[in-house]
Amino acid sequence: MLDSIFTLIIDTVAIVLAGALLLRFWMQAVRVRPPMEIAQFTYQLTDWLVRPLRRVLPGAGGYDWASLIGAFLVALIATAFTVWLRGVFSPQAVLLLALLRVCQWALYGLIGLILIEVIFSWVNPRAPLAPFVRALNDPLMRPLRRIVPLLGTIDLSPLVALILLQIAIQLVTTAVGSLL
């Protein structure tokens, strides 16, 4: 029981930190300037890891590789700890599981962003964070909005995106499950 408590704590810290790192990477990738509150939270939470990594991995091609590698390192440490608690330790399995965890976290993050955009569209489309969230979702939603027609004034492309992301999560989860 104690190992499951430690695993819960480690996973929670890892998810929050890696989520901030993935958000930092995604904001840079889609070239979205975050609102001040989001920027302060993200940068203060992740600068201790990103700044040293940038000395080794400078940004290239307009991407913040240090943030992405930082998220992978967080997943690697959390996965190594979880595997170590179970008593089985294979370096190859830990590396692969960490990579799959980062994929899962990124997909869950995209689902969260889509749900936030949908809630904004229902509750307050002019909310201060709505344009920021919309801009983060735009690379995923734009191609779907070209394919999925509006039904009256209702946009079903978020529903299609959620289904596709859930399928991707199931594929990644199946891959993780087969390794354990």
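Above this text you will find the structure in question.
All figures in this text were calculated on a predicted structure; none of them were measured in a lab. (Residues numbered from 1 in each chain as written. Predicted model: local features only at pLDDT ≥ 70, side-chain atom pairs only at ≥ 80, totals over all residues. Heavy atoms only, no water.)

(A) A look at the packing of aromatic side chains. According to the stated counting rule, one finds four aromatic pairs in the structure shown. Taking the centre distance of 6.0 Å and the plane angle of 45° together, the rings of Phe25 and Trp65 count as tilted. With Phe25 in helix α1 (residues 2-29) and Trp65 in helix α3 (residues 65-86), this residue pair connects regions lying 40 residues apart in the sequence. Among the residues examined, Phe25 registers a relative accessible area of 13% and is labelled buried. Between Tyr63 and Trp65 the ring centres are 5.5 Å apart and the planes differ by 55°, which places this aromatic pair in the tilted class. You can call Tyr63 partly exposed: its relative accessible area is 34%. Overall, the relative accessible area of 33% leaves Trp65 in the partly exposed class. (Phe/Tyr/Trp six-rings, centres within 6.5 Å; stacked < 30°, edge-to-face > 60°. Helix = DSSP H or I, 4+ residues; strand = E, 2+ residues; numbered from the N terminus. Buried < 20%, exposed > 50% of the residue type's maximum accessible area, 1.4 Å probe, protein only.)

(B) Structural context of a nonpolar patch on the surface. Taken together, the side chains of Met1, Leu2, Ile5, Phe6, Ile9 and Val13 make up a nonpolar region of the molecular surface, amounting to roughly 630 Å² of accessible area. Classification of Ile9 as partly exposed rests on a relative accessible area of 46%. (Patch = residues over 30% accessible without salt bridge, like charges linked within 9 Å, V, L, I, M, F, W, Y side chains within 5 Å. Areas by Shrake-Rupley, 256 points an atom, 1.4 Å probe, with all protein chains shown as cover. Salt bridge = Lys/Arg side-chain N within 4 Å of Asp/Glu carboxyl O.)

(C) The arrangement of unusual backbone geometry in detail. Located in the positive-phi region is Arg31, a residue other than glycine, with phi close to 55°. Looking at the secondary structure, you find Arg31 in the loop between α1 and α2 (36-56).

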